[in-house]
Amino acid sequence: MSNENVIQVERLTKTFGNFTAVNAISFEVKKGEIFGFLGANGAGKTTAMKMLIGISKPTSGEATIAGFDVYKHAEDIKKNIGYMSQKFALYDDLTVKENIAFFGGIYGLSRKIIKEKSKHLIEELGLVDVANKLVGALPLGWKQKLSFSVSLLHNPKIVFLDEPTGGVDPITRRQFWEMIYKAANQGTTVFVTTHYMDEAEYCDRVSIMVNGKIEALDTPKKLKAQFKVEHMNDVFLKLARHTE
Amino acid sequence: MKTILYIIQKEFKQIFRNKGMLPIIFVMPIMQLIILSNAATFEVNHIKFGYIDQDHSSTSRALIETFNASSYFNVIRHYPSENLASSAILRGDIDVLLNIPLYFERDLQKDQYNTLGITINAIDGAAAGVENVYVTQLIQRFNTRLKVELTQTSDQFVQPEIIETIPLFWYNETLNYKTYMVPGILVLLVTMITLFLSGMNIVREKEIGTLEQINVTPIKKNQFIIGKLFPFWVIGMGLLTVGLVLARLIFNIPFLGSLPLLYLYTSIYILVVLGMGLFISNFTDTQQQAMFISWFFVVIFILMSGLFTPIDSMPKWAQHLTEFNPVKYFVEVIRMVMLKGSGFSDILPNLLKTTLYALIMNGLAVWSYKKTN
Ligand SMILES: Nc1ncnc2c1ncn2[C@@H]1O[C@H](COP(=O)(O)OP(=O)(O)OP(=O)(O)O)[C@@H](O)[C@H]1O
Ligand SMILES: [Mg+2]
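So, how was this worked out
- Per chain, residue numbering runs from 1 following the sequence as it is written.
- Here the convention is simple: chains get letters from A, ligands get numbers from 1, in the order in which they are written.
- Only residues with pLDDT of 70 or above have their local features reported here, since the model is predicted, and side-chain atom pairs are shown and tallied only from 80 upward, although totals for entire chains, interfaces and linings are computed over all residues.
- Neither water nor hydrogens contribute to the side-chain values; these are computed over all heavy atoms in the structure.
- UniProt positions are given in the numbering used here, feature names are shortened, and annotations may be inferred rather than shown by experiment.
- Under the DSSP-based scheme used, a helix requires at least four consecutive residues in state H or I and a strand at least two consecutive residues in state E, with every element numbered from the N terminus.
- Relative accessibility under 20% of the residue-type maximum defines a buried residue, over 50% an exposed one, and the middle range a partly exposed one, all with a 1.4 Å probe and only protein chains included.
- Contact definition: two residues touch when any of their heavy atoms are within 4.5 Å.
- Values of the radius of gyration come from C-alpha atoms, whereas the globule rule sets the reference at 2.2 Å times the count of residues to the power 0.38.
- The Shrake-Rupley method, run with a 1.4 Å probe sphere, supplies the accessible areas, and residue values consider only the shown protein chains as cover.
- Positive: Lys, Arg. Negative: Asp, Glu. His and the chain ends are not part of the count.
- Where a charge lies is defined by one atom per residue type: Lys uses NZ, Arg uses CZ, Asp uses CG and Glu uses CD.
- The axes are straight lines fitted to the C-alpha atoms, using for helices just the contacting stretch, and the angles between their N-to-C directions are given from 0 to 180°.
- An angle below 35 degrees is treated as roughly parallel, one above 145 as roughly antiparallel, one from 65 to 115 as roughly perpendicular, and anything else as oblique.
- In this scheme, a crossing is called left-handed if the near helix is turned counterclockwise away from the far one by less than a right angle; it is called right-handed if the turn is clockwise.
- Think of it as three bins: nonpolar holds Ala, Val, Leu, Ile, Met, Phe, Trp, Tyr, Cys and Pro, charged holds Asp, Glu, Lys and Arg, and polar takes everything else, Gly as well.
- In this analysis a donor is any N, O or S atom within 2.8 Å of a metal ion (3.2 Å for sodium, potassium and calcium), and since water is not included, sites may seem incomplete.
- Patch construction takes residues with relative accessible area above 30% that form no salt bridge. Like charges are linked within 9 Å, and nonpolar side chains (Val, Leu, Ile, Met, Phe, Trp, Tyr) are linked within 5 Å.
- The term salt bridge refers to a pairing of a side-chain nitrogen on Lys or Arg with a carboxyl oxygen on Asp or Glu at a separation within 4 Å.
- When two components associate, each loses some accessible surface as probed by a 1.4 Å sphere; the sum of these losses over both components is called the buried area.
- Here, strands pair whenever DSSP counts at least two bridges between them.
- If a single non-hydrogen atom of a residue is within 4 Å of a molecule or strand, that residue counts as near it.
- For this analysis, a polar contact is any N or O atom pair within 3.5 Å, provided that within protein one partner can donate a hydrogen and the other can accept it, and provided that sequence-adjacent residues contribute only side-chain to side-chain pairs.

- For chain B, an unreviewed UniProt entry supplies the name ABC-2 type transport system permease protein and the organism Formosa algae.
- Heading Subcellular location (unreviewed entry) of the UniProt record for chain B holds this comment: "Cell membrane".
- Per its UniProt entry, chain B bears the Sequence similarities (unreviewed entry) comment "Belongs to the ABC-2 integral membrane protein family."

- Within an unreviewed UniProt entry, the label attached to chain A reads ABC-2 type transport system ATP-binding protein, and the organism entered is Formosa algae.
- In its Subcellular location (unreviewed entry) section, the UniProt entry covering chain A states "Membrane".

Section: the overall build of chain B
Then comes step 1: Tallying secondary structure elements over chain B gives 14 helices and six strands in all.
Then comes step 2: Expressed as a percentage of the 373 residues in chain B, the buried residues total 51%.
Then comes step 3: Once local pairs closer than 6 in sequence are excluded, the contacts in chain B between residues at least 24 apart make up 78%.

Some remarks on the overall build of chain A
Then comes step 1: The helix and strand tally for chain A stands at nine helices and ten strands.
Then comes step 2: For 244 residues, the compact-globule formula gives about 18 Å, and the C-alpha radius of gyration of chain A, at 18 Å, lands near that figure.
Then comes step 3: Along the first, second and third principal axes, the C-alpha atoms of chain A reach 50 × 40 × 35 Å.
Then comes step 4: Within the span of chain A, comprising 244 residues, buried residues form 55% of the whole.
Then comes step 5: Taking the contacts inside chain A whose residues are at least 6 apart along the sequence as the reference set, 68% of them involve residues at least 24 apart.
Then comes step 6: By element, 50% of the accessible surface of chain A is carried by carbon and sulfur atoms, the whole surface being about 11,100 Å².
Then comes step 7: In chain A, which carries 32 positive and 28 negative side-chain charges, the distance between the mean positions of the two groups comes to 3 Å.

A short note on the packing of helix H9 (residues 221-249) of chain B against helix H10 (residues 259-282) of chain B
Relative placement of two packed helices is described by the angle separating their axes and the distance separating the axes.
Residues and elements named next belong to chain B.
Then comes step 1: The interhelical angle for the contact between H9 and H10, taken along N-to-C directions, is 135 degrees, at an axis separation of 9 Å. In this view, H9 runs oblique relative to H10, as classed from their interaxial angle. In this structure, the crossing between H9 and H10 has a hand that is right-handed. Where H9 approaches H10, its residues Ile-225, Leu-229, Phe-232, Trp-233, Gly-236, Met-237, Leu-240, Thr-241 and Leu-244 are matched on the opposing element by Leu-259, Leu-262, Tyr-263, Thr-266, Ser-267, Ile-270, Leu-271, Leu-274 and Leu-278.
Then comes step 2: Classifying every residue of the contact of H9 with H10 gives 14 nonpolar, four polar and no charged.

A look at the coordination of the magnesium ion (ligand 2)
Residues and elements named next belong to chain A.
Then comes step 1: For the magnesium ion (ligand 2), the full set of protein donor atoms is Thr-46 (OG1) and Gln-86 (OE1), and the range of their distances to it is 1.8 to 2.2 Å. Here Gln-86 lies in the loop between strand S6 (81-84) and helix H3 (96-106) and Thr-46 lies in helix H1 (residues 45-52), a separation of 40 residues in the sequence.
Then comes step 2: Using a relative accessible area of 40% as the deciding quantity, one classes Gln-86 as partly exposed.

Structural notes on a nonpolar patch on the surface
Residues and elements named next belong to chain B.
Then comes step 1: The grouping of Val-27, Met-31, Ile-34, Ile-35, Val-245, Leu-249 and Ile-250 at the surface amounts to a nonpolar patch, some 660 Å² of accessible area in total.
Then comes step 2: If you list the elements that add at least two residues to the nonpolar patch, you get helix H2 (21-39) and H9.
Then comes step 3: Here Leu-249 lies in helix H9.

Structural notes on the interface of chain A and chain B
Then comes step 1: Across the contact, 33 residues belong to chain A and 26 residues belong to chain B.
Then comes step 2: Across the chain A to chain B interface the summed buried area is about 2,700 Å²; carbon plus sulfur atoms make up 56%.
Then comes step 3: Joining chain A to chain B, the criterion identifies five salt bridges.
Then comes step 4: Notably, a salt bridge pairs Arg17(B) with Glu98(A), separated by 2.7 Å at the nearest N-O pair.
Then comes step 5: Each residue belonging to the side of chain A that touches chain B can be placed in one class, and the counts come to 17 nonpolar, six polar and ten charged.

Details of the UniProt feature "transmembrane region" (unreviewed entry) in chain B
Then comes step 1: Cross-referencing UniProt, the feature "transmembrane region" (unreviewed entry) maps to residues 21-40, 180-203, 229-250, 262-280, 292-311 and 347-369 of chain B in the present numbering.
Then comes step 2: Regarding residues 229-250 of chain B, the helix share stands at 95% and the strand share at 0%, and the terminal C-alpha atoms are separated by 31 Å.

What to know about the pairing of strand S4 (residues 114-121) of chain B
Residues and elements named next belong to chain B.
Then comes step 1: Counting buried positions along S4 gives six out of eight residues, so the element sits mostly inside the fold.
Then comes step 2: In this structure, strand S3 (residues 96-100) lies alongside S4, joined through four bridges in antiparallel fashion. Its bridge partner being in S4, Leu-97 is matched across the sheet by Thr-119.

Here's the deal with the pattern of salt bridges
All names here are of chain B.
Then comes step 1: One pass over the full model with this rule turns up 23 salt bridges over all chains.
Then comes step 2: Among the salt bridges present, the one from Glu-323 reaches Lys-328, with a minimum N-O distance of 3.2 Å.
Then comes step 3: Salt bridges here are not isolated pairs; linked through shared partners, they connect Lys-10, Glu-11, Glu-205 and Lys-228.

Some remarks on the sheet that holds strand S5 (residues 68-69) of chain A
All names here are of chain A.
Then comes step 1: The strand order across the open sheet formed by four strands is S2-S1-S4-S5, and the pairing between neighbours is antiparallel. The strands lining the two open edges of the sheet, one partner per strand, are strand S2 (19-30) and S5.
Then comes step 2: Sheet strands touched by H1: strand S1 (5-16), S2 and strand S4 (60-65). Its angle to S1, the strand with the most contacts, is close to 120 degrees.

Comments concerning the UniProt feature "domain: ABC transporter" (unreviewed entry) in chain A
Then comes step 1: Mapped onto the present numbering, the UniProt feature "domain: ABC transporter" (unreviewed entry) falls at residues 7-236 of chain A.
Then comes step 2: Secondary structure across residues 7-236 of chain A divides into 38% helix and 27% strand, with the first and last C-alpha atoms of the span separated by 24 Å.

With respect to the site of ligand 1
Residues and elements named next belong to chain A.
Then comes step 1: Taken together, 14 residues lie near ligand 1, and Gly-42, Lys-45, Thr-46, Thr-47 and Gln-86 sit nearest.
Then comes step 2: Within the side chain of Asn-41, an N or O atom sits 2.9 Å from an oxygen atom of ligand 1.
Then comes step 3: Gly-44 has a polar backbone atom sitting 2.9 Å from an oxygen atom of ligand 1.
Then comes step 4: Among the secondary structure elements, those contributing two or more residues to the shell around ligand 1 are S2 and H1.
Then comes step 5: Residue contributions to the shell around ligand 1 peak at three residues, all from H1.
Then comes step 6: Of the residues belonging to the shell around ligand 1, the class tally is five nonpolar, seven polar and two charged.

Description of the sheet that holds strand S7 (residues 158-162) of chain A
Residues and elements named next belong to chain A.
Then comes step 1: Ordered in space as S6-S7-S8-S3-S9-S10, the six strands form an open sheet in which the pairing is mixed. Since the sheet does not close on itself, it has two edges, and those belong to S6 and strand S10 (213-218), each with one partner. Going across the sheet, the axis of each strand differs from the next one's by a mean of 15 degrees, ignoring polarity.
Then comes step 2: Inspection of the sheet shows S6 paired to S7 by four bridges, in the parallel sense. Counted as the bridge partner of Tyr-83 is Phe-160 from S7.
Then comes step 3: Its contacts with the sheet place H1 against strand S3 (34-39), S6, S7, strand S8 (189-194) and strand S9 (205-210), and it is angled at close to 155 degrees to S7.
Then comes step 4: Where helix H8 (residues 220-227) meets the sheet, its contacts fall on S9 and S10, and the angle it forms with S10 comes to roughly 105 degrees.

As structure tokens, then:
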């Protein structure tokens, strides 16, 4: 982890009508960091993330991603990030190989590189037997791992993961986090939302969002000390109760 | 460019993999073509025909015999006076009245031309139009020097008015309504299928969330749109081809004009429809919404295209509205090219208007497609 900030957010806000989904959040994320973005259902995590990845215009505030401004250079941001949405978003009616080739192609990778990456990735994920099967037929855990790998195909500087392990079994979750660590070790910054408090412990730093605002932000260790509790779960509960 | 190829490739894979979709794209239209063109016919038989013969010459008798011999007319009776005849029309006893004036034969020989009075009961406007054409054709075949002066009555208080015959029918010499309908129905099919497919396709990606995944990639929006719409352009052209082959094989429809010309026009026309589909999908969130809106437009376009009801018989304001109807232009072009053998310069006005339409529609569609909301 270096000292270079790859994400810099200043009072970022999004309103839908009179409802403020994201309320003036500010934080920064360093290169190579695993940043946990926590919050209850409806706290505004997905909304905030969509502004950071350039598919939703902020109502106000500033954000710079990989050195690019979200208002002016959304398309440059897109070259430098990977995104795995909360909703599974590979094509169910394409095979594993076809999905990899398609997204590789869209990111402008050459056929040769796509072929190499595809082979490597399929082996690594243990998908050799199902490489020519439709993705729709795969178990959720496999889909999620594939989806993560696809979001890394173009070697992005930052990868945004929106609840990547929702509904996945504990063993697969474990493997998923190994993949996250590996990406982080190779210098990719990981911005991840989760509902699982044990996963929060794996992050370098976490922010906790309540009703559109960031109410706490620090390393898991310091947060636990600050709230004088044993587990991140209790930090979360205390915060939620406090703001109710 | 390479990016576009990736999208096209993916799109074709998805279309041909979808077992439920292929029959919808190709089999359903064929069935529609067969059913609709047999059902939607204007053919009018057993027209009740009456006449007044004031001339009593051999020419007048020969003319009446022509009607008698035609399978479309049942010669009911002859009326001694105009009064009796017009009350017969009002009662609905006869549909068409032919009035042969005194000295008809003599004047025809002397002046080389003459005028005949025809009165048509126009309560059923569509039938009257058809009857008008039958009568005109019969008389012209009988003697090309005769001019028909036509009166339509639908109400005893309405002043009879002289109307022109609808020239389009002239090109359908065999009076075969399938010949007339099939090209139009082909337009309907090409329009419906390409509009529905393109409109629903992008909304579908919105629904399943893959569109968002595309929007976070650095792909240019025109690359995406071209890649997305091209396959449906191909399908539209394929449909036209299938339809033309069927028109030939099943209905034996003549093709008098130039095939490349029709393809040229269609290739631009489909762009209009695709732009419209994309435009609709940009403003809808679900396939259901897209379907409803597409239907709304398709129904209006088709009813106002001159396909089933002649544009000439619409009220003036509606006639002006049809200027904005791309389907109308295609119906005109396909009938002109197939049935009249019209050439490039004949369809040029329609071609230009359609091109302009395509530019505007696609401009709007690309403009309203937003990668960032
Ligand atoms: N397009 C929109 N229009 C109106 N309200 C919206 C829109 N998108 C999100 N919201 C509202 O904003 C709030 C935050 O939603 P968001 O999806 O960001 O929450 P989240 O933290 O990701 O929740 P979850 O954990 O359930 O994914 C919710 O109350 C949601 O209903
Ligand atoms: Mg969410």
